[in-house]
Amino acid sequence: MSPKSLASLVLLCTPRLVAPLHLGRRAVMCGLAAAVLPSSTARSSDARPAGAPPEGPTGLLEGAQTYYVNAPRQLVVVADTAREASLLSAEFVICGEHHNSPSDHQLEASLLLGMADAAARDGVPLILGLEMFERAFQPALDAYCAGSLSDTELYSATEWATRWVWPWDQYLPIFQLARERGVKLVALNTDTEVLRRVPVEGLGSLSVDQRADLVPDPQGFITATRDPFFGRYTNAIIMASYDVHVLNRFMDARATEAGFFSARILRDEAMASRTVQAAGERGRALILAGADHVKFEYGLDRRLRRYAARSGRANARVETILLNASPEDTLSASVNSLALSLGPEDNAPRLASYLIYSASGSRAARRDDAWSKLHLQREDQIIRTREKLRIQ
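Residues numbered from 1 in each chain as written. Predicted model: local features only at pLDDT ≥ 70, side-chain atom pairs only at ≥ 80, totals over all residues. Heavy atoms only, no water.

**Things to note about the pairing of strand S8 (residues 354–357)**
Rule in force here: The classification of residues rests on relative accessible area computed with a 1.4 Å probe and restricted to protein chains. Under 20% of the type maximum is buried, over 50% is exposed, and intermediate values are partly exposed. The way it works is that DSSP assigns letters per residue, a run of H or I at least four long becomes a helix, a run of E at least two long becomes a strand, and they are numbered from the N terminus. Should DSSP find at least two bridges between two strands, the strands are taken to pair.
A two-sided burial pattern is seen for S8, the buried positions comprising Tyr354 and Ile356 on one face and Leu355 and Tyr357 on the other. Strand direction decides the pairing type here: strand S7 (residues 318–323) and S8, joined by three bridges, are parallel. Counterpart to Leu322 in the pairing with S8 is Leu355.

**Describing the sheet that holds strand S1 (residues 65–69)**
To keep it simple, the criterion reads: A fitted line through C-alpha atoms serves as each axis, taken over the contacting stretch for helices, and the angle formed by two N-to-C directions is quoted from 0 to 180°.
Reading across the sheet, the eight strands line up as S2-S1-S8-S7-S3-S6-S4-S5 and stay open at both edges, with mixed pairing between neighbours. The strands lining the two open edges of the sheet, one partner per strand, are strand S2 (75–77) and strand S5 (184–189). Averaged over all pairs of adjacent strands, the angle between their axes in this sheet comes to 30°, without regard to strand direction. Both strand S3 (residues 92–97) and strand S6 (residues 284–290) contribute to a ladder of six bridges, which runs parallel. When the bridges of S6 are listed, Ile94 appears paired with Ile287.

**With respect to the pattern of salt bridges**
In plain terms, the rule: Salt bridges are counted wherever a side-chain nitrogen of Lys or Arg sits within 4 Å of a carboxyl oxygen of Asp or Glu.
Evaluation of the coordinates by the stated rule reveals 21 salt bridges. As a salt-bridge pair, Arg163 and Glu193 come within 3.0 Å of each other at their nearest N and O atoms. With Arg163 in helix H7 (residues 160–163) and Glu193 in helix H9 (residues 192–201), the pair connects residues that are 30 residues apart, well separated along the chain. The class of Arg163 is buried, set by a relative accessible area of 14%. The exposure class assigned to Glu193 is partly exposed, which follows from its relative accessible area of 34%. For Asp213, the salt bridge goes to Arg274, with nearest N and O atoms at 3.6 Å.

**Re the side chain of Gln65**
This is how the line gets drawn: As used in this structure description, the phrase polar contact means that two N or O atoms lie within 3.5 Å; if the pair is within protein, one of them must be able to donate a hydrogen and the other to accept it, and residues adjacent in sequence are counted only when both atoms belong to side chains.
Its location among the elements puts Gln65 in strand S1. A distance of 3.4 Å separates a polar atom in the side chain of Gln65 from the backbone oxygen of Ser358.

**Description of the pairing of S1**
As a general feature of sheets, a regular strand has side chains that alternate between the two faces. Here S1 lies mainly inside the structure; five of its five residues are buried. Going residue by residue along S1, you find Gln65, Tyr67 and Val69 tucked away on one face and Thr66 and Tyr68 tucked away on the opposite face as well. Of the strand pairs in this sheet, S1 and S8 are connected by four bridges, and their pairing is antiparallel. Bridging from a neighbouring strand, Thr66 pairs with Ile356 of S8. As paired strands, S1 and S2 are joined by three bridges and run antiparallel to one another. By the bridge assignment, Tyr68 is partnered in S2 with Val76.

Okay, structure coming up:
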């Protein structure tokens with residue numbers, strides 16, 4: 001399938017998916033949240049009312065509060081070592097973070113340590129897949145893991161200051177821990193040059209080699225957009241941020257809605273395919289990515305399952321985790337409840353397999369004035385650095 005054929009197939013799906021955009025981000029989000037808030041309560045003694053916010057120290061990961069979302073979409077306390085051991089020994093664990101949250105990164109380090117211990121006991125390799133690094137810089141990650149690059153040299157070699165921007169010092173302990181434990185670092189993100197071009201020129205701008213590298217399963221890539229819930233996911237998660245990206249100059253002003261949509265699903269597809277490729281026949285993977293790539297299954301989750309099946313690992317367990325999720329993160333219309341699925345239907349995609357919260361004493365409040373100020377400062381820095389890279 002040629003790049004232009006691939007682009008044409010995706011664009012055939014795009015109008016159906018983005019048609020309700022005239023409602024605006026708030027209307028789309030509030031309408032969705034009103035539909036997804038469950039009304040039933042959990043019957044099990046260890047389950048909390050569906051969608052209720054977590055409370056109390058219940059977790060096993062360094063004092064964290066850990067919950068899983070069960071089939072009836074209820075939030076259930078993880079109160080036994082067997083379930084935690086099952087999570088830490090899953091073949092693929094996809095972790096959704098807030099990029100500027102120190103608490104999230106501390107939880108990620110704990111997850112990495114737990115998974116590294118489990119992999120060592122079981123005699124299987126573990127990789128750490130990272131949205132933070134672009135594919136072109138894999139040689140630098142390999143050199144770092146081999147001890148040939150220092151922390152500072154890795155920062156420079158991967159052009160962190162202009163490619164990722166978020167606080168290096170918050171991520172560095174994770175990279176150091178991975179190197180100490182012999183966990184391979186894998187660059188998952190699509191190169192900036194491609195992500196700048198596709199929103200403007202579409203998927204047809206990909207070369208044959210780029211298409212083969214980023215989308216090794218073009219038919220599956222297209223088929224995924226035809227799932228009954230994918231349109232709802234697209235409007236609520238992907239296209240809801242389009243206006244924000246344009247107004248804040250996060251991308252080229254010439255970008256189109258269809259191009260923005262294409263670039264986003266291309267990015268998820270590429271991260272999923274690279275993870276499975278790097279894990280090999282029997283390896284495990286912990287993937288760190290932004291929360292929007294993880295929630296409600298259609299970002300990385302289902303794509304990774306598809307690539308695992310294509311590689312002969314159809315029975316591989318894939319678990320998703322959201323860290324310190326707030327009601328707003330889950331698109332809930334209530335400030336007191338979490339939306340645990342993408343709709344009222346029994347088969348609607350769930351928010352994630354697990355929700356993990358930092359111990360109450362250390363969890364950062366991300367919606368207060370201090371967080372808002374920090375967030376705006378980071379956004380301004382991103383705008384300035386990306387402006388230097390913008391296509392003229």
